[in-house]
Amino acid sequence: MARIFAVLGSLRGDRLLVEAPEKGITRHRFPARRDERFDAPGEGIKFHIRDLSLFYGKRKVLENITIDIPERRITAVIGPSGCGKSSFLRCLNRMNDLVEGCRVEGEVLLDGEEIYGRDGDVTSLRRRVGMVFQKPNPFPKTVYENVAFGPRVLGIKDRGVLDGIVENSLRRAALWEEVKDKLREPALALSGGQQQRLCIARVLAVEPEVILLDEPCSALDPVATQRIEDLLAELKEKYTIVIVTHNMQQAARVSDYTAFFLIEKQGDPGRLVEFGETGALFTAPADERTERYITGRFG
Amino acid sequence: MYVIRREWLVKRVLLVTAMVVVLGLALVVYFMVKESIPAFKQAGPANLFSSEWAPGEGRYGMLIFLVGTLATTAGGLILGTPLALGLALFLTQVAPRRSRALFSRGVETLAGIPSIVLGWLGFTILVPWIRELSGSSGSGILAASIVLAVMVIPTITAISRDALEAVPSTYAQASLAMGATRWQTIRRVQLPAAKHGILAAIILGMGRAIGETMAVAMVIGPASVFPTSLTSPTHTLTTKILMEMGESTGVQRSSLFAMGLVLLMLAMALIALMRRVSGGRSATPEVVE
């Protein structure tokens with residue numbers, strides 16, 4: 001019963017928050033430091049993660065992950081299935097909160113602010129840290145309404161402003177030319193690759209600082225995959241990108257940094273084995289296990 | 001040879017079963033029409049749809065009862081739908097996983113309560129209560145609406161719950177991951193995606209409310225007069241047929257058939273409406289690859 005009240009309370013709290021929208025769509029309760037560092041891309045660290053452990057109920061899924069995610073760079077997370085790389089990604093925008101019995105230990109600092117802090121505001125965190133899922137998951141709405149969803153949630157009603165955001169986001173997701181005449185058509189009528197780029201446009205529409213991608217190309221054909229990879233290379237000019245992938249070639253192609261996760265044996269939690277510049281990690285891995293994995297000898 | 005004979009037999013048996021059902025339905029409609037013809041011929045449609053019920057003087061108007069049926073049904077839905085939707089949302093979005101089954105059982109049990117029990121509780125508890133509060137007789141559209149609301153809540157809740165559960169969780173995840181609150185996610189993503197199912201649920205609830213007789217009869221009055229307020233006694237089509245069936249002959253009896261026919265047509269219209277609503281279902285399209 002206590003839990004029910006807690007959830008009801010969170011419902012009410014959320015609503016109060018919505019009823020006090022400020023103008024503009026980049027509103028944060030966290031200090032937004034991106035702009036200060038705009039002229040020095042890549043120098044900052046976006047996420048400081050210290051001794052992060054994750055539990056689902058009694059099961060430990062991740063253990064003592066310590067890693068710094070560089071700003072405006074692409075960081076790839078690789079590792080065999082079940083090594084906790086997706087769970088790790090979901091720690092960064094607190095999507096794990098949705099899992100009943102989930103618990104997090106350690107520190108996750110976004111621009112120096114603890115995201116699991118007592119007054120950590122999950123909704124504004126998720127606006128800063130957008131997420132693209134494994135399977136394209138556009139809403140059963142029109143192309144336009146999919147992109148306008150985030151801004152609408154933030155309280156933007158002005159048609160002209162929405163039109164501008166929609167076009168701008170679709171352009172940045174390299175989708176505008178293909179869908180500009182189909183804005184009123186259902187998003188689910190697009191091809192899989194277009195749907196995934198639409199999902200990226202949907203995330204861009206709320207002006208996030210970080211984009212998390214959870215195996216975004218695993219359901220796509222090579223051509224569509226190529227387009228997403230090209231897009232990521234463009235997006236890192238402005239955004240910090242973390243991509244989980246089971247495809248090592250993809251990690252080697254697109255990322256600047258790579259983190260290798262592994263579970264030693266069945267039932268163990270996932271651990272970070274090695275983290276470093278992608279070139280170095282793939283050509284001269286420091287850890288023997290990394291070498292075995294990238295040369296395809298296990299996993 | 002034996003197999004072929006058996007196949008043939010099974011086919012015939014199934015065909016006969018289907019024919020019997022269809023024929024039965026056709027017979028029902030046929031009899032209702034046939035028996036109402038004297039009323040339409042001798043009294044005339046104008047008389048039948050007037051607001052005066054006085055068989056002794058040759059007045060067979062069913063307008064009062066039609067209004068009673070529509071008003072109590074609307075009342076039941078107005079009271080019941082928000083509660084049922086709230087309950088369905090609670091079951092699917094808020095309740096912890098373990099207690100969901102418990103609440104769902106509760107709702108299903110509510111659906112199993114015989115209507116006579118609800119009518120009895122209405123008659124013994126609800127009507128006196130309304131009587132005290134309003135100073136009227138207590139029976140009437142309000143009491144009937146409340147009883148009907150209790151009856152339609154399980155139907156609407158169960159079907160809305162199924163419709164909401166059928167919404168892929170990836171929609172909610174996408175919405176939450178964009179920083180939408182739970183409430184925004186419910187209102188902007190999940191309810192729209194489930195709206196066909198929810199509409200079908202409301203229409204099914206409506207069907208149940210329109211045809212309900214016993215429970216309504218116990219709290220509606222009864223009286224063959226136009227309701228002047230929500231707490232004045234009146235009648236519905238079903239309760240009027242119930243009260244008059246034993247002691248009517250001739251045109252009066254035929255006019256009861258005409259009422260039944262109107263009720264039947266209302267129910268059929270509802271079913272047609274529901275087919276249209278849920279036929280255009282796009283609640284859970286597969287993500288095409």
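Relevant structure appears above.
Quick word on the interface of chain B and chain A
In this assembly, 25 residues from chain B lie in contact with 40 residues from chain A. Across the chain B/chain A interface, buried area totals approximately 3000 Å², and carbon plus sulfur atoms make up 67% of it. Here chain B and chain A share zero salt bridges between them. Across the chain B-chain A interface, the total number found is six residue pairs in polar contact (both at pLDDT 80 or more). At the level of secondary structure, the elements contributing two or more residues to the side of chain B that touches chain A comprise α3 (63–94), α7 (169–177) and α8 (182–193) of chain B. Looking at the side of chain B that touches chain A residue by residue, the class counts come to 15 nonpolar, six polar and four charged.

A word on the sheet that holds strand β4 (residues 102–110) of chain A
Residues and elements named next belong to chain A. Read across the sheet, four strands follow the order β2-β1-β4-β5 without closing on themselves; strand pairing throughout is antiparallel. On the outer flanks of this sheet lie β2 (59–70) and β5 (113–114), each paired with one strand and no other. As judged from the eight bridges shared by strand β1 (residues 45–56) and β2, these two strands associate in the antiparallel manner. Its bridge partner being in β2, histidine 48 is matched across the sheet by aspartate 68.

A look at the pairing of β4 of chain A
Residue and element names in this part refer to chain A. With eight bridges connecting them, β1 and β4 associate as antiparallel partners. Within β4, the position partnered with phenylalanine 55 by the bridge is arginine 103. In the sheet, β4 pairs with β5 via two bridges, with the strands oriented antiparallel. The residue of β5 that forms the bridge with leucine 110 is glutamate 113.

As for helix α4 (residues 97–112) of chain B
With 16 residues, α4 of chain B should reach 22 Å at 1.5 Å per residue; the first-to-last C-alpha distance of 24 Å fits that figure. Packed against the buried residues of α4 of chain B are α3 and α6 (141–165) of chain B.

A word on the side chain of serine 139 of chain B
Within the secondary structure layout, serine 139 of chain B lies in the loop between α5 (115–134) and α6. Apart from residues lying up to four places away in sequence, serine 139 of chain B is in contact with Val127, Val219, Ile220, Gly221, Thr231, Ser232 and Pro233 of chain B.

Details of the sheet that holds strand β7 (residues 210–214) of chain A
Residues and elements named next belong to chain A. The strand order β6-β7-β8-β3-β9-β10 describes an open sheet built from six strands, whose pairing is mixed. The open sheet terminates on both sides in strands that have one partner only, identified here as β6 (129–132) and β10 (271–277). The mean angle between the axes of side-by-side strands here comes to 15°, regardless of whether they run parallel or antiparallel. The pairing of strand β3 (residues 74–78) with strand β8 (residues 240–244) spans four bridges and is classified as parallel. Bridging across to β8, valine 77 finds its partner in valine 244. Running over the sheet, helix α8 (residues 222–235) touches β3, β7 and β8 and is turned about 150° from β8.

Parameters and conventions
Residues numbered from 1 in each chain as written. Chains lettered and ligands numbered in written order. Predicted model: local features only at pLDDT ≥ 70, side-chain atom pairs only at ≥ 80, totals over all residues. Heavy atoms only, no water. Contact = heavy atoms within 4.5 Å. Buried area = accessible area lost by both parts, 1.4 Å probe. Salt bridge = Lys/Arg side-chain N within 4 Å of Asp/Glu carboxyl O. Polar contact = N/O pair within 3.5 Å; in protein donor to acceptor, adjacent residues only side chain to side chain. Helix = DSSP H or I, 4+ residues; strand = E, 2+ residues; numbered from the N terminus. Nonpolar A, V, L, I, M, F, W, Y, C, P; charged D, E, K, R; others polar. Pairing = 2+ DSSP bridges. Expected span 1.5 Å × (residues − 1). Axes fitted to C-alpha atoms, helices over the stretch in contact; angles between N-to-C directions.

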